[in-house]
Amino acid sequence: MQSKERNKNVILLVDDDSAFRQTLTKRLKKRGFEILEAEEGSEALATLAEHAPQLVVMDVKMPGMDGLTTLGAIKKDHPEKEVILLTGQASTEDGVAGIKAGAFDYLAKPVAFEHLLGKIRQAFEKIERIHEQAQEAAFRTKMEKRMALAERLAALGTLAAGVAHEINNPLAIINESTGWVKQRMERRSDLPEEWRKTLELALSKIETSVERAGRITHQLLSLARRSPTEIREFDLAELAAEVGELVGKTCKEARVSVAVDQKSPKTRIWSDPNRLRQVLLNLVVNAIQASRTGGRVIVTLDNLNNEMLFAVKDQGEGIPKENLEKIFEPFFSTRTPGQGSGLGLSVSKGILEELGGRLEVESRLGQGSTFTVTLPRRPAMASEPEDLGRMALDSQKKIKKLNSGENPF
């Protein structure tokens with residue numbers, strides 16, 4: 001069990017001698033430490049679970065659960081804690097056994113206060129050093145993931161231009177040829193009805209596939225190449241109503257209803273309506289497709305002072321916990337092949353980040369999912385060249401510090 005939070009200057013003092021505890025507590029408090037007290041091992045474990053101090057100073061010989069047994073329990077449930085043992089009537093062997101069991105150090109009673117104080121400070125220094133190393137490791141992992149994604153997107157950008165040219169042209173020819181075959185069929189009155197139905201079905205499949213392939217290449221370009229941002233004032237509620245009209249046919253086919261819950265009359269915002277329309281449309285269509293027949297999609301609009309909220313809730317099966325962090329990755333999709341490209345959420349998240357907003361998701365299996373868009377009412381565009389330059393320079397400085405062994409924080 002891990003501690004709920006780090007208490008940097010809190011010490012748990014465990015000793016059955018109340019006079020010794022009181023004296024030591026008084027002196028340590030004068031040195032700036034906060035002291036928690038316990039008389040024996042089981043009380044110490046309960047205090048650790050509730051208050052989460054990082055350091056324990058504990059006597060070895062105590063009634064009930066002794067120091068070495070308590071140390072074993074601490075290291076099992078709280079491996080990040082440091083323990084200094086105090087040996088009185090116990091032999092030196094107990095102190096050595098404590099070190100082997102994971103204690104930071106041991107001191108013999110009567111304890112020289114300045115010696116104990118030095119050990120306490122060393123223990124806290126070790127705790128802080130381990131915490132900084134964990135921070136560095138987490139930061140390095142995060143940066144490596146970001147750089148890997150940046151490399152993938154850069155490669156995708158190069159690929160997308162070629163894909164758009166090499167695939168869209170053949171698609172246009174296929175589409176034109178399909179139309180020509182349809183016209184020829186209409187002029188032929190002597191075709192057997194069975195042949196006609198078979199040909200119509202085949203042509204319909206061709207048209208559907210062409211449309212899907214065209215949609216995928218369009219999303220690839222949206223992911224890899226930014227269109228110019230046009231910021232202006234508009235009403236988000238009107239945009240939501242427009243999106244509702246656009247998905248009318250999809251709702252009818254899926255037998256799913258869409259309802260708008262406008263929490264505030266103040267829904268005007270400065271942003272790019274065209275790019276937001278793309279995001280909101282994608283989220284609502286996804287919610288419709290995730291819903292069961294007869295289900296309902298709720299679109300909530302709310303005013304949060306300097307931010308606007310747009311939430312889309314469905315009544316579908318929900319998203320497994322292990323997939324929640326993956327759904328925004330390019331090409332990740334849990335749909336049946338042919339029903340989604342896996343680019344919609346990735347493109348939407350990128351658009352919102354450029355507009356100074358964010359996209360978050362909450363989901364419970366069997367209860368559905370809620371995608372929440374939060375946007376500033378007047379965005380400070382983080383995509384300006386000078387801001388991007390500062391962000392890149394800051395990341396480079398942190399990486400250099402990491403590589404040289406320095407703390408980047």
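Residues numbered from 1 in each chain as written. Predicted model: local features only at pLDDT ≥ 70, side-chain atom pairs only at ≥ 80, totals over all residues. Heavy atoms only, no water.

(A) A look at unusual backbone geometry. Residue Lys109 is joined to Pro110 through a cis peptide bond whose omega torsion reads -5 degrees. Structurally, Pro110 can be placed in the loop between strand S5 (105–108) and helix H5 (113–187). (Helix = DSSP H or I, 4+ residues; strand = E, 2+ residues; numbered from the N terminus.)

(B) Structural view of the confidence of the model for the protein. Taken residue by residue, the protein gives an average pLDDT of 79. The fraction at 70 or more is 78%. Low confidence marks residues 1–5, where pLDDT is under 50. Its contacts with residues over four positions away, or in another chain, come to 14 contacts. Predicted confidence is poor over residues 381–393, with pLDDT under 50, and the contacts of this stretch with residues over four places away or in other chains come to twelve contacts. (pLDDT = per-residue confidence, 0-100. Contact = heavy atoms within 4.5 Å.)

(C) Region of interest: the side chain of Asp235. Secondary-structure assignment places Asp235 in strand S6 (residues 232–235). It turns out Asp235 is buried and unbridged, and the closest side chain with the opposite charge, Arg268, is 4.3 Å from it. Within the local environment of Asp235, its side chain forms a polar contact with the side chain of Thr267, the two groups lying 2.5 Å apart. In contact with Asp235, not counting residues within four places along its chain, are Thr267 and Arg268. (Buried < 20%, exposed > 50% of the residue type's maximum accessible area, 1.4 Å probe, protein only. Lys, Arg positive; Asp, Glu negative; His and termini not counted. Salt bridge = Lys/Arg side-chain N within 4 Å of Asp/Glu carboxyl O. Polar contact = N/O pair within 3.5 Å; in protein donor to acceptor, adjacent residues only side chain to side chain.)

(D) A look at the sheet that holds strand S9 (residues 296–304). Strands sit in the order S7-S9-S10-S12-S11 across an open sheet of five strands; the sheet is mixed. The two strands at the open ends of the sheet, each matched to only one other strand, are strand S7 (257–262) and strand S11 (358–364). Ignoring strand direction, the axes of neighbouring strands in this sheet form an average angle of 15 degrees. Pairing geometry for S11 and strand S12 (residues 368–376), over seven bridges, is antiparallel. In the sheet register, Arg358 faces S12, and the bridge partner there is Thr374. Lying over the sheet, helix H10 (residues 344–354) contacts S11 and S12, oriented at roughly 135 degrees with respect to S11. (Pairing = 2+ DSSP bridges. Axes fitted to C-alpha atoms, helices over the stretch in contact; angles between N-to-C directions.)

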